4 protein chains.
Amino acid sequence: MMPIHPFEDSNGDTLHEECGVFGAIGAPDASTVTALGLHALQHRGQEAAGICSFDGAEFYSRRGLGHVAENFSTQEALAELPGTMAAGHVRYSTTGGSGLRNVQPLYAELAAGGFAVAHNGNFSNAQTLRDELVAKGAIFHSTSDTEVIIHLVATSRYPTTIDRLIDALRLVEGAYALIVLTPEGLIACRDPLGIRPLQMGKLGDSTVFASETVAFDVIGAEFVRQVQPGEIVRVDFDGNIDSLHPFGNRKARPCIFEHVYFSRPDSIFDGRSVYAARKAIGEQLAIESPVDADLVVPVPDSGVPAAIGYAQQSGVPFELGIIRSHYVGRTFIQPSDSARHSGVKRKHNANRHLVEGKRIVLIDDSIVRGTTSLKIVEMMREAGAKEVHFRVASPPTAHSCFYGVDTPERSKLLAARMEIEPMREFIKADSLAFVSIDGLYRAVGGATRDGKCPQFCDACFTGDYPTSLTDLEKRTSQEAQLSFPVHKVA
Amino acid sequence: MMPIHPFEDSNGDTLHEECGVFGAIGAPDASTVTALGLHALQHRGQEAAGICSFDGAEFYSRRGLGHVAENFSTQEALAELPGTMAAGHVRYSTTGGSGLRNVQPLYAELAAGGFAVAHNGNFSNAQTLRDELVAKGAIFHSTSDTEVIIHLVATSRYPTTIDRLIDALRLVEGAYALIVLTPEGLIACRDPLGIRPLQMGKLGDSTVFASETVAFDVIGAEFVRQVQPGEIVRVDFDGNIDSLHPFGNRKARPCIFEHVYFSRPDSIFDGRSVYAARKAIGEQLAIESPVDADLVVPVPDSGVPAAIGYAQQSGVPFELGIIRSHYVGRTFIQPSDSARHSGVKRKHNANRHLVEGKRIVLIDDSIVRGTTSLKIVEMMREAGAKEVHFRVASPPTAHSCFYGVDTPERSKLLAARMEIEPMREFIKADSLAFVSIDGLYRAVGGATRDGKCPQFCDACFTGDYPTSLTDLEKRTSQEAQLSFPVHKVA
Amino acid sequence: MMPIHPFEDSNGDTLHEECGVFGAIGAPDASTVTALGLHALQHRGQEAAGICSFDGAEFYSRRGLGHVAENFSTQEALAELPGTMAAGHVRYSTTGGSGLRNVQPLYAELAAGGFAVAHNGNFSNAQTLRDELVAKGAIFHSTSDTEVIIHLVATSRYPTTIDRLIDALRLVEGAYALIVLTPEGLIACRDPLGIRPLQMGKLGDSTVFASETVAFDVIGAEFVRQVQPGEIVRVDFDGNIDSLHPFGNRKARPCIFEHVYFSRPDSIFDGRSVYAARKAIGEQLAIESPVDADLVVPVPDSGVPAAIGYAQQSGVPFELGIIRSHYVGRTFIQPSDSARHSGVKRKHNANRHLVEGKRIVLIDDSIVRGTTSLKIVEMMREAGAKEVHFRVASPPTAHSCFYGVDTPERSKLLAARMEIEPMREFIKADSLAFVSIDGLYRAVGGATRDGKCPQFCDACFTGDYPTSLTDLEKRTSQEAQLSFPVHKVA
Amino acid sequence: MMPIHPFEDSNGDTLHEECGVFGAIGAPDASTVTALGLHALQHRGQEAAGICSFDGAEFYSRRGLGHVAENFSTQEALAELPGTMAAGHVRYSTTGGSGLRNVQPLYAELAAGGFAVAHNGNFSNAQTLRDELVAKGAIFHSTSDTEVIIHLVATSRYPTTIDRLIDALRLVEGAYALIVLTPEGLIACRDPLGIRPLQMGKLGDSTVFASETVAFDVIGAEFVRQVQPGEIVRVDFDGNIDSLHPFGNRKARPCIFEHVYFSRPDSIFDGRSVYAARKAIGEQLAIESPVDADLVVPVPDSGVPAAIGYAQQSGVPFELGIIRSHYVGRTFIQPSDSARHSGVKRKHNANRHLVEGKRIVLIDDSIVRGTTSLKIVEMMREAGAKEVHFRVASPPTAHSCFYGVDTPERSKLLAARMEIEPMREFIKADSLAFVSIDGLYRAVGGATRDGKCPQFCDACFTGDYPTSLTDLEKRTSQEAQLSFPVHKVA
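Everything quoted here is computed from the prediction, not taken from an experiment.

Peer 1: Break down the domain arrangement of chain A for me, with residues and values.
Peer 2: All names here are of chain A. When its domains are assigned, chain A resolves into domain 1 (16-252) and domain 2 (273-448). Taking the mean C-alpha position of each, domain 1 and domain 2 sit 34 Å from one another. Each partner contributes to the interface: domain 1 provides 13 residues, whereas domain 2 provides six residues. Carbon and sulfur atoms supply 50% of the area buried between domain 1 and domain 2, which totals about 850 Å² over both sides. Counting across the domain 1 and domain 2 interface gives two residue pairs in polar contact (both at pLDDT 80 or more). Elements represented by at least two residues in the side of domain 1 that touches domain 2 include exactly β1 (16-17), β7 (113-123) and β8 (174-182). In the side of domain 1 that touches domain 2, the residues fall into three nonpolar, six polar and four charged.

The following block contains the structure:
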């Protein structure tokens, strides 16, 4: 009757950054600045957005499912968020009935006053802490790991909010970039290893924080510096900035995947242009795995910078052999298997006239489940490509992330299931190569990987997790993913 | 330009019951039964409605602003609420941004499992308890006094849920009828004085509870008995019913206003037909305050039964001198002063042809601010009535309620501001009389008021509050109403 | 699983007036006045509402499904309808996909300028005219019979709009009350027999028209007179009022059912108070069909005035033996047969305590299909009534209406299928009586029915249709109802 | 207070194709195929979408504002559109209250049966024809020029629908690609000069039509051929395809701007790959206007293929110096002037690290008003570019389009107001060059422009309009744009 449905979902064959955060203090129109900043971070989370503001007397909050522009595009929406301090959050969330109550910033009224928090990252002992808190009578209202922080602050024995927050952060493990609003001012925190990014900027007299520097460009702010791993930056309403380092000095391990995929190419991450890093990965890939071909074709849009690098290094011309539709956006209905191909074509279509009869090198940023790669290769062949060589601008992704990135369970990762030659067979390419881990390190940081103390968190490639994983260890007999018992209460 | 607005708000010149509750256990379609029961209780709260259900494994909840029919009229809505146990709530709430999170049933996941509660009434020490709980680290997520119960249960030292609940109820003062859902079954509780009503019924093998018996009629259930003041009824999934009386025996003080206005005339309250009680009040009023007139005219619809009683007792014919529109419903925009009259006419219109040249007795259930009474009298005069005598089927309402009824602050109550003759002048009637307090008691209960130990809570008429009012006493320098510091966080 | 659904539809067991119209010219806020006027006519059509206005230069229109208050309650909605002239319409429509495009006022831009029309009534040769117009190339955009008028005006050979309109009205047969807006002013028309009502009033310097006088009460206007049968009233922007009688003089035949059911009791129809007429019908019924009983119980709300009349005439006390919920409103889902009873109880509930053990006389305005009457009788018996006597304040309804009233097809009308004794058996009453046709005429007009030239249209009782029924005659082999071929195009 | 608004509108500084059309006949799920096809044409119109289907007995229609995915993404939406024949339309419309009634396909019920039409293009004598039709009594229900066709068909003297359609098309002048649905089958028409594109494909046994071939790729259909200029293709339900050429043979003048901007790069237009044509324009531009520079930077995304061509021809490296956000989409609020810059940055952000200190060649497809070009140049300079050379892949756009492209009025076109050197000053570039008209012709078609009989419609560059412009000529004293007297009736 209706064999295919026109707008099926994508098949989840990418890694998703779970969040982006933004904060502003000292800005006459803090929520407007925050909405613009969040919009620039939209690629880090498209399922929900929220802003919390403080006007010196009261806290205001507005959160909604969908994009920033859907929730914060009207004067009315922003007028409900007055004040000179604001925090914002974009979220990539798993869908389901629980929806809105997990949208951040989370807010609670503590004995000392209001407390709002926006969090990018994940606590790897959140369930353990939650169980302990509930046993003592704490009542949770979301299934978000972030709420653990609020209860730890609420029940801390310390008198001041800053000490309560530090007390709470000592108890959590994992990765975080936090923007906290209190009646005294804004607090920005980054985990001791700096796994998740957090940047600091200046907009006139106001201080702003964001997951990525591109947010500063869009609002016209000046990039000042990264928040340091383990640093807690406190800014009050007089503009005084205070820096605390309560967790001692440890070598940073920022997430290397920010360079590979998450960050926008026009951001600066860990002191290096993301665009330049990606081009360098492509160049490295061309050196490590050259191929005799007619065209270098990026899988748009994430593969474009690496493809330019590959093309410039190899001399093979860069061409748009795949055209991406700008109108895919959110989709609503689960696909039938038979409709998968149509789904891929809705998003990516072969530039048939160009690729017909050609030997092409496809450049993509990573391979997750491999199903998209297979479809892309098939699409190239159907369009008449003579040879299809697949080059990947990251090493094989063989391990799950527990630090705030939405990865499939390990058994679904293609690289966890097979070696490179079977992978090549699976995606039906003529050849397949990944950049080496040392090649990647060289491209993004200049030096090869320090095996004893790596310069990045690269656990998704190496399985070398830089923190303990308490919840996972307690539940090895269960699925190896952090999940809360979701009672279906809206 | 646009001098009047067609759909202005009513002027709030009535008392509002704040809630109705319903519960069912052992019913194969508990949420459907609950939706029908709530619909029959719609007059007790029209601003929001919610249902929580339990299917033996998980809790489900759906809450929304608006009428029951707006939220629970589709198969889809009810299919999201599976299980054989459900609790429901309708709410008259003050409007404002805080909205949805105060809609009941409230739900929390405690260490012992899920806990849902629907509450009709008000705790007169809620703020005091809340302050104590927050100081210990409790995080509240609504501004509802009901949430206090959940935190008291969560932090109780007793091991079982029933003991924790009794522990919590010992700490609260005020009025309540509660429906609680736990994984072990349903618990129905009524405050020690029985201020708020709670009825128990039987629908096949299932046990049902409701604020009023009319809910049983509508679902086809049998009325069993009232839940006793101070009684805790526990029903498990095998249909075992257990009755606890943990608070000792005290003489009941049910709210006499249930007879005057709140309950539907087809309900049985405190063992007496509400319709019969209202007719008896009208008869009493005719005996106490007769008047030589041509017509008895009820202010529709609440004044109708008393008017029938007045007419039958006095022999003056009962006639519909005022026609009520069925299409007023909720309105959205604040009126300009000049539009007030149009607003009254949209709801009530004089049956001019009937009243012209006549001496009429208007019967209304009560006078709150007096502004509506004034407009009704003026409307009768404009329609040509020769004399307008106002008779009120309750004593002067001179005191605020702290037990779950939304009364204006005391200074706005006409009877708190002036004696009867000035009130008559204010509403411009030819004569004005209220039923006497003893007349009211006789009509609804057969005996006059026992001054030492009154048979009802009649604090709104007498100022004789049957419980302590801790929050009020702590804040006499502030406004004499229970209110929480409303942080505008959605 | 879910045997009953809580909010099933009513079973369509009433007659529905299909429309109400309102017009205003010379009012500074014409659309606001029109919205208020339509609200007072809401009982004549609850499915859709529309207003069209003219500001001297342009026409504006807003139409929507649902109640007047849902569509015209905001300043924004009314601000979109500027100007000193407006026409409004409320509609009871059969549901279905075609929806919005049939909502009136209809508007078209003719060669002479804009032309808006709101119509209460029905043309009994609409399909025949439509077929002729389409054959000539006319393109219809609704399935409403009203659009025929617009095409007839557009294609008339006369030069002026008023002559074109008269030309068009000469071609139609049936019943109509029309409000027409043109750039020259407002035109109000009533069909030559005056079957459908149309009243004229004065609000300050502005002239207003409405289906019922209650609309004038609500807006504070003064009732001037009825528009005469066959009269065309033209009002220009200087306030000049012109009356045309282009169709000659014929004896009026206003719809007698306006007195029985359609009009609000506080309206004046055909020179007589509707409330007084209904009471008189009840008195007549008590004289014609007395019964030894304990209580007179109205089926609320339409049976109340007749019940008061019956009670006063008979001396049997009037009591509210059935309580009506105010929260039924529109419902959304078709009922399963098993849920019919619950549906009746949601709307009407027995006042059990009152009727138990009593002999009751039920008074209803009419019997259509008989299914509701059966349920009401059964409800009384279940509540313990000893005897149930049914008295109907109109003669048996045995014929369909083709003049704008939504009647079931004839075969569904109980009185078309059986005599009175079988009807009594069907509804399970102890006795059943209808008011006689002469008794009805006496009650509403003072004289018995003039068989040669009846004073009213009473075709639904007598089958004596006062106009020809061209469409029906052309399609006697088809169903005997006017219907357009509904192409499902939104 | 709130000096800038975060989501202001773009400034309209592009040309917009007004429509895309799609049709399918003989497909078991015609509306699903049509939804997918329209989605692939989404870039041709993002404001509204509609589909009309026919199931052999009835016509069905669904139209909505917004994207295809917003209106046709659910099984429910498509289930309302059954049948094996469907037509679809996407529209770029000017906003305003008239909205939905102008959304296509338009549908009318004619004497011969249903008639649906979807139109890409514009009739340059629509107002003249409309005036004539209204004078004869035709009633228009939209302000769309397309409705003229329906009235011309309805009033034609010919007996068959196909002859009536040809009769109607003889009366119109201008540009059109039409998909017409009738009970006999589908008719696809292209204007005699082939100004607007229309392609024909095959999907299994069904025949499909689309504005661009990319729609065939996405649904998995095979491209068969272009519909010829002046050709009328008729397909019946047995799959018979008939071709009529009722307008004689004239040399084709397809719109050259399809190659420059409108069509997707993966489409084939007029027998040539659009991607290849754009690259060739870039190469031509590099030959005509070389510059000594460090980077070739496209204005994304439309400038990318030309930039690749420019880079390959010149040897200057292609780099992403501007990063485009994928989340701009529709915006809702008019910008304040001060916020313009933020708006540009939300959409386009400089890749500062890359362009700093560099001499860059910016490649864009065209310059309309010039305001965007100015902002892009300024953004490059703020990011540190040493020199900014602007190269445009089309000649100066100096004339309005009257064939279905939404151009600003002529006085707003930068190239209509000034020569090239003042334009360079206006956009603040170091140098500015456009491709020559002969260079453009060579790139897209292989030969230079034939001045006597040009191979393309290039009126926007040359002012050489290939048809008469009746409406424009009749109103030279008025604004030189086709517009209907918009009565604000929704």
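Peer 1: Explain helix α10 (residues 304-314) of chain D to me, using residue names and the numbers behind them.
Peer 2: All names here are of chain D. Burial analysis of α10 places eight of its eleven residues in the buried class, which makes it a mostly covered element. For α10, the full list of buried residues reads Val304, Pro305, Ala306, Ala307, Ile308, Gly309, Tyr310 and Ala311. Of the surrounding elements, those touching the buried residues of α10 are α9 (274-288), β17 (295-298), β20 (359-364) and β21 (387-392). Gly315 sits one or two positions beyond α10 and adopts a positive phi of about 80 degrees.

Peer 1: Talk me through the interface of chain D and chain A; I want residue IDs and the actual numbers.
Peer 2: Taken together, the contact between chain D and chain A spans 61 residues of the former and 61 residues of the latter. In total, about 5400 Å² of surface goes out of reach between chain D and chain A, with carbon and sulfur atoms giving 62% of it. Our enumeration of links across chain D and chain A arrives at two salt bridges. When residues in the side of chain D that touches chain A are grouped by element, the largest group, four residues, is from helix α1 (residues 30-40) of chain D. Of the residues contributing to the side of chain D that touches chain A, the split by class is 32 nonpolar, 18 polar and eleven charged.

Peer 1: Any chance you could break down the relation of the copies chain D and chain A for me, citing the residues and the numbers?
Peer 2: Of the transformation superimposing chain D on chain A, the axial component is 0.0 Å and the angular component is 180 degrees, with the fit at an RMSD of 0.0 Å. Here the transformation between the copies is reduced to the relation of a two-fold axis. Taking C-alpha positions as reference, the residue of chain D nearest the rotation axis is His326(D), located at 3.6 Å. By residue overlap, the copies meet face to face through one surface: 100% of the interface positions of chain D are interface positions in chain A.

Peer 1: Tell me about the environment of Leu440(A), and name the residues and values.
Peer 2: Residues and elements named next belong to chain A. Turning to its location among the elements, Leu440 is positioned in helix α16 (residues 437-445). Residue class for Leu440 comes out buried when judged on its relative accessible area of 0%. Considering only alpha carbons, one finds Leu440 and Lys474, 34 residues apart in sequence, at a separation of 33 Å. Once residues within four sequence positions are removed from consideration, Leu440 is found in contact with Ile256, Val260, Ile281, Pro395, Val435 and Phe461.

Peer 1: Quick rundown of the sheet that holds strand β6 (residues 106-110) of chain A? Include the residues and the values.
Peer 2: Residues and elements named next belong to chain A. Overall, antiparallel pairing links the six strands, which are arranged β6-β7-β8-β9-β13-β14 in an open sheet. In this open sheet, the two edge strands, each paired with only one partner strand, are β6 and β14 (241-244). Going across the sheet, the axis of each strand differs from the next one's by a mean of 20 degrees, ignoring polarity. One ladder, built from eight bridges, connects β7 with β8; its direction is antiparallel. Each bridged residue has a counterpart across the sheet, and for Ala118 the counterpart in β8 is Ile179.

Peer 1: Account for the pattern of salt bridges, with residues named and values stated.
Peer 2: When the charged atoms of two side chains lie near each other, side chains of opposite charge can form a pair. Applying the stated criterion to the full structure yields 72 salt bridges over all chains. Lys279(B) is the salt-bridge partner of Glu319(C), the closest N and O atoms lying 2.3 Å from each other. Residue Glu319(C) is found in the loop between α10 (304-314) and β18 (322-324), and its partner Lys279(B) is found in helix α9 (residues 274-288); the two belong to separate chains. Exposure class is identical for Glu319(C) and Lys279(B). Each is buried. Here Glu421(D) and Arg424(D) are joined by a salt bridge, their closest N and O atoms 2.8 Å apart. Separated by three residues within a single helix, Glu421(D) and Arg424(D) lie in helix α15 (residues 420-427), roughly one turn from each other. Look at Glu421(D) and you get partly exposed, because its relative accessible area is 41%. Sharing partners across several salt bridges, the network here consists of Arg44(A), Arg196(A), Glu212(A) and Glu258(A).

Peer 1: Outline the UniProt feature "active site" (unreviewed entry) in chain A, listing residues and values.
Peer 2: Residue and element names in this part refer to chain A. Per the UniProt record, "active site" (unreviewed entry) is found at Cys19. Checked against the element boundaries, Cys19 lands in strand β2 (residues 19-25). Looking at Cys19, the relative accessible area reads 3%, which means it is buried.

Peer 1: Got a sec to walk through the packing of aromatic side chains? Specific residues and values, please.
Peer 2: Per the counting criterion, the structure on display carries 50 aromatic pairs over all chains. Centre to centre, the rings of Phe257(D) and Phe262(D) are 5.1 Å apart; their planes meet at 45 degrees, and the pair counts as tilted. Joined through ring pairs, the aromatic side chains of Phe54(A), Phe59(A), Tyr107(A) and Phe237(A) make up one cluster.

Peer 1: Tell me about the nonpolar core, and please be specific about residues and values.
Peer 2: Counting 152 residues, the largest nonpolar core has Leu362(A), Met380(A), Leu362(D) and Met380(D) as the members making the most contacts within it. In this view, Met380(D) contacts Gly321(D), Ile322(D), Ala350(D), Val355(D), Ile360(D), Leu362(D), Ala385(D) and Val388(D); residues no more than four positions away in its chain are not counted.

Peer 1: Just give me the short version of the sheet that holds strand β3 (residues 48-54) of chain A, but keep the residues and values in it.
Peer 2: Residues and elements named next belong to chain A. If you trace the seven strands from one edge of the open sheet to the other, you get β4-β3-β5-β2-β11-β10-β12, paired in antiparallel fashion. Unpaired on one side and paired on the other, β4 (59-65) and β12 (222-226) mark the two borders of the sheet. Sheet twist, expressed as the mean angle between neighbouring strand axes with direction ignored, is 15 degrees. Pairing of β3 with β4, which is carried by seven bridges, proceeds in the antiparallel orientation. By the bridge assignment for β4, Phe54 is matched with Phe59.

Peer 1: Now, about the layout of surface pockets: what can you tell me, with residues and values included?
Peer 2: Counted as a void, the second largest pocket has a volume near 620 Å³. Around the second largest pocket, the lining comprises 29 residues; the ones closest to its centre are Lys136(A), Thr155(A), Lys136(B), Gly137(B) and Thr155(B). Its residues assigned to classes, the lining of the second largest pocket shows 13 nonpolar, eight polar and eight charged.

Peer 1: Any chance you could break down unusual backbone geometry for me, citing the residues and the numbers?
Peer 2: Going from Gln104(D) to Pro105(D), the amide bond is cis rather than trans, its omega being 0 degrees. Positionally, Pro105(D) belongs in the loop between β5 (85-91) and β6 (106-110). For the bond from Pro300(D) to Asp301(D), the omega torsion is -10 degrees, close enough to zero to count as cis. Structurally, the position occupied by Asp301(D) is in the loop between β17 and α10. Positive phi, normally seen in glycine, also occurs at Asp270(B), with a value near 55 degrees. Along the polypeptide, Asp270(B) turns up in the loop between β15 (268-269) and β16 (272-273). If you check the backbone angles, Lys428(B) has positive phi at about 65 degrees while not being a glycine. Mapping Lys428(B) onto the fold places it in the loop between α15 (420-427) and β23 (431-434). According to the relative accessible area criterion, Lys428(B) is partly exposed, its value standing at 45%.

Peer 1: So what's going on with the state of the cysteines? Which residues, and what values?
Peer 2: One pass over the full model with this rule turns up zero disulfides over all chains. Here Cys401(B) is not cross-linked by a disulfide; its sulfur's nearest cysteine counterpart is in Cys255(B), at 6.5 Å. Look at Cys401(B) and you get buried, because its relative accessible area is 18%. Cysteine Cys19(D) remains unbridged, with the sulfur of Cys401(D) as its closest cysteine sulfur at 12 Å.

Thresholds, definitions, all that
Residues numbered from 1 in each chain as written. Chains lettered and ligands numbered in written order. Predicted model: local features only at pLDDT ≥ 70, side-chain atom pairs only at ≥ 80, totals over all residues. Heavy atoms only, no water. Domains from an automatic or database assignment. Contact = heavy atoms within 4.5 Å. Buried area = accessible area lost by both parts, 1.4 Å probe. Polar contact = N/O pair within 3.5 Å; in protein donor to acceptor, adjacent residues only side chain to side chain. Helix = DSSP H or I, 4+ residues; strand = E, 2+ residues; numbered from the N terminus. Nonpolar A, V, L, I, M, F, W, Y, C, P; charged D, E, K, R; others polar. Buried < 20%, exposed > 50% of the residue type's maximum accessible area, 1.4 Å probe, protein only. Salt bridge = Lys/Arg side-chain N within 4 Å of Asp/Glu carboxyl O. Least-squares fit on C-alpha atoms with pLDDT ≥ 70 in both. Pairing = 2+ DSSP bridges. Axes fitted to C-alpha atoms, helices over the stretch in contact; angles between N-to-C directions. UniProt positions renumbered as here; feature names shortened; annotations may be inferred. Phe/Tyr/Trp six-rings, centres within 6.5 Å; stacked < 30°, edge-to-face > 60°. Core = buried A, V, L, I, M, F, W, Y, C linked by side-chain atoms within 4.5 Å. 1 Å grid on protein atoms, 1.4 Å probe; cavity = no way out; pocket = protein on both sides within 12 Å on 5 of 7 lines; lining within 4 Å. Points joined across faces, edges and corners; volume = space filled by probe spheres on them. Disulfide = S-S within 2.5 Å.

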